[in-house]
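Now for the letters of each chain:
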Amino acid sequence: ILLMAVTTIVAVGIAIYTWRRRRVTGGAVFALTMLVVAFWAFTNGGELASLTLTSKIWWSKFSYFSTATIAPVWFIFALTYGRHAAWLTRGRMAALWVGPLLVLALVFTNEWHMWFWSSFTPTSDVPGSIYIYGHGWAFWITVVYSYPMLIAATVLLVRAALFSGQLYRQQVAALLAAAAIPWISNIIYTA
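Values in this document were obtained by computation on a predicted structure and should not be read as measured data. (Residues numbered from 1 in each chain as written. Predicted model: local features only at pLDDT ≥ 70, side-chain atom pairs only at ≥ 80, totals over all residues. Heavy atoms only, no water.)

## Regarding the overall build of the chain
Secondary structure assignment for the chain yields nine helices and two strands. In the chain, the succession of helices and strands from N to C terminus is α-α-α-α-α-α-α-β-β-α-α. Computed over the C-alpha atoms, the radius of gyration of the chain is 18 Å, within 12% of the 16 Å expected from 2.2 N^0.38 for a compact globule of 191 residues. Overall, the C-alpha framework of the chain stretches about 55 × 35 × 25 Å when taken along its three principal axes. (Helix = DSSP H or I, 4+ residues; strand = E, 2+ residues; numbered from the N terminus. Rg over C-alpha atoms; globule rule 2.2 N^0.38 Å.)

Below you can see the structure in the form of C-alpha cells.
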C-alpha cells in the first residue's frame, strides 16, 4: 500500500512537472500518461487496503479506467515522441479508444455475465487478504488488445532512440527502463 501511495505521489509530481513543459514534443501526452499511472497506483492501493471482496472489486473496477487506457495513451506518446503524430488521424484516434470503452463496459457489468472476472478466490481467511481473480474470456480481449500496442510503442521508442542524438537515447533508455517494471509485473499477473 505504501509503494502504491509513493508511486501515486511521484507520478502526479512528474505529471505536473511535465505539464509545465507540455510544449516539448510529447510533453502533454506524457503528462497524461503519468496521470493514468497515478490513478492506476491509487486504485491498486485502494484495492490492497480494502477488507471486503465487494470493496476490492469496486477498486478493481475503477482501476480499469487506467488499465484499459494505458496502452493507447503510451502508444500515442510513443508516436508523438517519435515524431509520427501525423499517423494520429481522427479515425485512428477514435479506433484506439474502442477497446478501452468495450473493456470498461464489460468490467462495470461483470456481475451480469461474469465474462471479465469469472471467480474470486481468497488466498486466506484473514480479512483483507488478497483475492485471486479468475479471468473470463473478456479479460483476454484486454491482453490481446493491449500487448501488441505496448510492443509497438516500445518499438517506436527504440527506433526514436536509434535515430536520435545521445541525449534522446538516454531519455528513451530511461523511459523504457521505467516502463519495464509495470510490463514485468503485468506479465506475471497475467500468467
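Read on for the rest.
## Observations regarding helix α6 (residues 98-108)
Of the positions making up α6, those classed as buried are G99, P100, V103, L104, L106 and V107. Looking straight down α6, one finds its buried side chains confined to an arc of 165°; they lie on one side. Looking at α6, the residues exposed on the side facing more than 90 degrees away from the buried face are V98 and L101. Residues of α6 that are buried in the fold lie against α3 (53-67), α4 (70-81), α5 (90-96), α7 (110-113), β1 (117-122) and α8 (137-162). (Buried < 20%, exposed > 50% of the residue type's maximum accessible area, 1.4 Å probe, protein only. Arc of directions from axis to C-beta. Contact = heavy atoms within 4.5 Å.)

## A short note on the side chain of E47
Tracing the backbone through its elements, the reader meets E47 in helix α2 (residues 27-49). At 6.1 Å, K56 is the nearest oppositely charged side chain to E47, a buried residue that forms no salt bridge. At 2.8 Å, the side chain of E47 and the side chain of Y133 are in polar contact. Once residues lying within four places of it in the same chain are set aside, the contact partners of E47 are K56, W59, S60 and Y133. (Lys, Arg positive; Asp, Glu negative; His and termini not counted. Salt bridge = Lys/Arg side-chain N within 4 Å of Asp/Glu carboxyl O. Polar contact = N/O pair within 3.5 Å; in protein donor to acceptor, adjacent residues only side chain to side chain.)

## Quick look at the environment of V158
In this structure, V158 sits in helix α8. A C-alpha to C-alpha distance of 20 Å links V158 and I187, two positions 29 residues apart in sequence. Ignoring sequence-local partners within four residues, the contact set of V158 consists of V172 and L176.

## Side note on a nonpolar patch on the surface
A contiguous nonpolar surface patch, about 350 Å² in accessible area, is contributed by L2, V6, V10 and I14. Note that I14 resides in helix α1 (residues 2-19). (Patch = residues over 30% accessible without salt bridge, like charges linked within 9 Å, V, L, I, M, F, W, Y side chains within 5 Å. Areas by Shrake-Rupley, 256 points an atom, 1.4 Å probe, with all protein chains shown as cover.)

## Things to note about the packing of aromatic side chains
Any aromatic ring pair is given by two values, namely how distant the centres are and how the planes are angled relative to each other. For the structure shown, the criterion picks out 20 aromatic pairs. In this structure, R21 packs its charged tip against the face of Y17, placed 3.7 Å from the ring centre. (Phe/Tyr/Trp six-rings, centres within 6.5 Å; stacked < 30°, edge-to-face > 60°. Lys NZ or Arg CZ within 6 Å of the ring centre and 35° of its normal.)

## Focus: unusual backbone geometry
Most peptide bonds take the trans configuration, and most residues that are not glycine carry a negative phi. Located in the positive-phi region is R83, a residue other than glycine, with phi close to 60°. When you line up the elements, R83 lands in the loop between α4 and α5. Classification of R83 as exposed rests on a relative accessible area of 60%. Its identity is not glycine, yet M114 carries a phi of approximately 60°, on the positive side. On the accessibility criterion, M114 (33% relative accessible area) is partly exposed.

## Observations regarding the nonpolar core
Of all hydrophobic cores here, the largest spans 38 residues; its most connected members are Y64, W74, F75, F77, F116, W117 and L157. Among the elements of the structure, α2, α3, α4, α6, α8 and α9 (166-190) are those that each provide at least two residues to this core. Dropping the residues within four chain positions of it, W117 is found in contact with I57, S60, K61, Y64, V107, N110, Y133, G134, H135 and G136. (Core = buried A, V, L, I, M, F, W, Y, C linked by side-chain atoms within 4.5 Å.)

## Some details on the packing of α3 against α6
Two elements in contact, α3 and α6, have axes separated by 10 Å at closest approach and are oriented at 180°. Comparing their axes, α6 and α3 come out roughly antiparallel. On α6, the residues touching K61, F62, Y64 and F65 of α3 are V103, L104, V107 and F108. (Axes fitted to C-alpha atoms, helices over the stretch in contact; angles between N-to-C directions. Parallel < 35°, antiparallel > 145°, perpendicular 65-115°, else oblique.)

## Looking at the confidence of the model for the chain
For the chain, mean pLDDT is 91; residues scoring 70 or higher make up 100% of the total. Mean pLDDT across the elements of the chain bottoms out in α9 (81) and peaks in α7 (97). (pLDDT = per-residue confidence, 0-100.)

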